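A structural walkthrough
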Amino acid sequence: MRFTELPRPTRVVFGAGRFAELGEEVARLGARRVVVVTTPGRKALGERAAGSLGERCAGVLPDAVEHVPAEVADAGVARARELGADGCVAVGGGSAIGLGKAIARDTGVPLVAVPTTYSGSEMTPVWGRTEDGVKTTGRDERVRPAVVVYDPELTTSLPVATSATSAGNALAHAVEALWASDATPVTRLEATESARALVDALPRVAAAPADPDARADLLYGAWLAGAGLAVTTMGLHHRLAHVLGGGLDLPHAGTHTVLLPHVLAWTLPAAPEAAAALERALGGEPVAVLRRTFADLGAPTTLAELGADEERSWTSQLDVLAERAVSPPPAHPRVPTASDVRTLLEEARRG
Ligand code: NAD
């Protein structure tokens, strides 16, 4: 056994109703002029957050969109500077947290995340930015949230379809943390427990979307998945999701959900320990379990459904995307060629 375990500096506050403690958490950080960022769809929640911060809130920015487009990030940073922000609270899914991270990185203010999806971004020091069709990601300690407030009550409004794909995003984090070359005994425990909790809770959320226990279990699985992703190196799966997200503007969570069974089927023969751990956690052959789970939820199963079609020049883009996905080669248990990636993507497009 040989591993390097990294510190986990984020303070995690988890439980139904704990959104009410947001003001206290911001006060603990000593911030006095906080900018609240969110997506247009979560604006009312952003305003609730601002209300609970009272005089500590300098303004609400409901402009976040997916994949952190450069112009949205730069406008957010400029607005935070104008407001004299000394802290940032991101309320919403990965898109809101992505904009919060852009502000934290460029201004150096601490970030507090209140996630309302299962993206897991709140637990990672990973930032993203999309410019001219290319999504760049990197790691920077300034973007790692100082505090995360997980309140499952904020997630009961997430439609079942979005819950399914968002949980697919979380499952992808767990899977990649499991087979990462820098996985540790702790990340393996987190990843397998995360996968178990997510697959167990998904059908319960589909049956009763407001079930507080099922919602808490999904959020718990997402937290563990994000925590593992934070300290391990992402592989081919994330490379593909970023290449497709940046190049074709495909939705991030849906793309993860469609790709995951394909990447698993291609990779698991080269990662027998991950395959066995996942099989134990899911109670069956991983690819079959995931296909069944997603199909039962009516989640997308083809990239074509997500918009990977001729309108977005799929055929002519495929070679470029495949090259991008292997240059430089991702850290992965099975090293892909551009031709492997083309085949995998074409299969994922058709399902
Ligand atoms: P998102 O934040 O865009 O949310 C999806 C949709 O759901 C949005 O319309 C949003 O308004 C809505 N929504 C969010 N919470 C809701 C709720 N509780 N009830 C009803 N509707 C709700 O999408 P996402 O999948 O959460 O995040 C995707 C983004 O996050 C991508 O840009 C991706 O690259 C990024 N991401 C980053 C990391 C990282 O570590 N840096 C990890 C995962 C994802």
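About the thresholds
Residues numbered from 1 in each chain as written. Predicted model: local features only at pLDDT ≥ 70, side-chain atom pairs only at ≥ 80, totals over all residues. Heavy atoms only, no water. Near = heavy atom within 4 Å. Polar contact = N/O pair within 3.5 Å; in protein donor to acceptor, adjacent residues only side chain to side chain. Areas by Shrake-Rupley, 256 points an atom, 1.4 Å probe, with all protein chains shown as cover. 1 Å grid on protein atoms, 1.4 Å probe; cavity = no way out; pocket = protein on both sides within 12 Å on 5 of 7 lines; lining within 4 Å. Sits in = over half its atoms within 2 Å of the grid points. Helix = DSSP H or I, 4+ residues; strand = E, 2+ residues; numbered from the N terminus. Nonpolar A, V, L, I, M, F, W, Y, C, P; charged D, E, K, R; others polar. Domains from an automatic or database assignment. Core = buried A, V, L, I, M, F, W, Y, C linked by side-chain atoms within 4.5 Å. Buried < 20%, exposed > 50% of the residue type's maximum accessible area, 1.4 Å probe, protein only. Contact = heavy atoms within 4.5 Å. Buried area = accessible area lost by both parts, 1.4 Å probe. Salt bridge = Lys/Arg side-chain N within 4 Å of Asp/Glu carboxyl O. Pairing = 2+ DSSP bridges. Axes fitted to C-alpha atoms, helices over the stretch in contact; angles between N-to-C directions. Expected span 1.5 Å × (residues − 1). Bend = angle between axes of the 7 residues up to and from the residue.

Moving on: the site of the ligand. The immediate surroundings of the ligand are formed by 25 residues, with Ser95, Thr116, Thr117, Thr124 and Lys135 found nearest. Leucine 154 places a main-chain nitrogen or oxygen 2.9 Å from a nitrogen atom of the ligand. One of the side-chain N or O atoms of histidine 252 is found 3.3 Å from an oxygen atom in the ligand. Taking 870 Å² as the accessible area of the ligand by itself, protein coverage stands at 84%. According to the grid-proximity analysis, the pocket containing the ligand is the largest pocket. Looking at the shell around the ligand, the elements that each hand over two or more residues are α4 (94-107), α5 (160-179) and α9 (252-267). Here the shell around the ligand takes 3 residues from α4, the largest share from any one element. Counted by class, the shell around the ligand contains 5 nonpolar, 16 polar and 4 charged residues. No fewer than three residues from each of domain 1 (11-154) and domain 2 (163-350) sit in the shell around the ligand.

What follows concerns the nonpolar core. Ile103, Leu240, Leu244, Leu264, Leu303 and Leu345 are the most contacted members of the largest nonpolar core, which has 85 residues in total. Per-element accounting of this core gives the leading share, 10 residues, to α5. Formed jointly, this core draws a minimum of three residues from each of two domains, domain 1 (11-154) and domain 2 (163-350). In this structure, isoleucine 103 is in contact with Val37, Leu61, Gly76, Val77, Ala80, Cys88, Gly108 and Val109, ignoring residues within four places of it in sequence. Within the second largest apolar cluster, 19 residues are counted, among which are Val36, Ala49, Val112 and Val149.

What follows concerns the domain arrangement of the protein. Here the protein is partitioned into domain 1 (11-154) and domain 2 (163-350). The gap between the C-alpha centroids of domain 1 and domain 2 is 25 Å. With 22 residues of domain 1 at the interface, the matching set in domain 2 holds 31 residues. Here domain 1 meets domain 2 over a buried area of about 2,000 Å², counting both sides, of which 64% is carbon and sulfur. Contact with domain 2 buries surface across domain 1, with His67, Tyr118 and Arg139 losing the most and accounting together for 35% of the total. Inspection of the domain 1/domain 2 interface yields 0 salt bridges. Scanning the region where domain 1 abuts domain 2 turns up 9 residue pairs in polar contact (both at pLDDT 80 or more). Class assignment of the residues belonging to the side of domain 1 that touches domain 2 gives a composition of 9 nonpolar, 8 polar and 5 charged.

The next thing to look at is the sheet that holds strand β8 (residues 147-150). Spatially, β1-β8-β5-β4-β2-β3 is the arrangement adopted by the 6 strands of the open sheet, whose pairing is parallel. The open sheet has two free edges, formed respectively by β1 (11-14) and β3 (57-61), since each of these has just one partner strand. Adjacent strand axes in the sheet meet at a mean angle of 15° when their direction is disregarded. As defined by bridge partners, β1 adjoins β8 across 4 bridges and the pair is classed as parallel. If you follow phenylalanine 14 over to β8, its bridge partner there is tyrosine 150. Where α4 meets the sheet, its contacts fall on β2 (34-37), β3, β4 (87-92) and β5 (111-115), and the angle it forms with β4 comes to roughly 165°.

Okay, the side chain of histidine 242 next. Here histidine 242 shows up in helix α8 (residues 236-248). The class of histidine 242 is buried, set by a relative accessible area of 15%.

Look at helix α6 (residues 185-207): 34 Å from first C-alpha to last across 23 residues, which is about the 33 Å you get at 1.5 Å a residue. Taking the largest bend as the criterion, α6 deviates by roughly 30°, centred on alanine 201, and proline proline 203 comes between one and four positions later. Turning to α6, its buried residues number three or more, namely Thr187, Glu190, Ala191, Thr192, Ser194, Ala195, Ala197, Leu198, Val199, Ala201, Leu202 and Val205. Structurally, α6 contributes buried residues whose contacts are with α5, α7 (212-230), α10 (272-282) and α11 (286-296).

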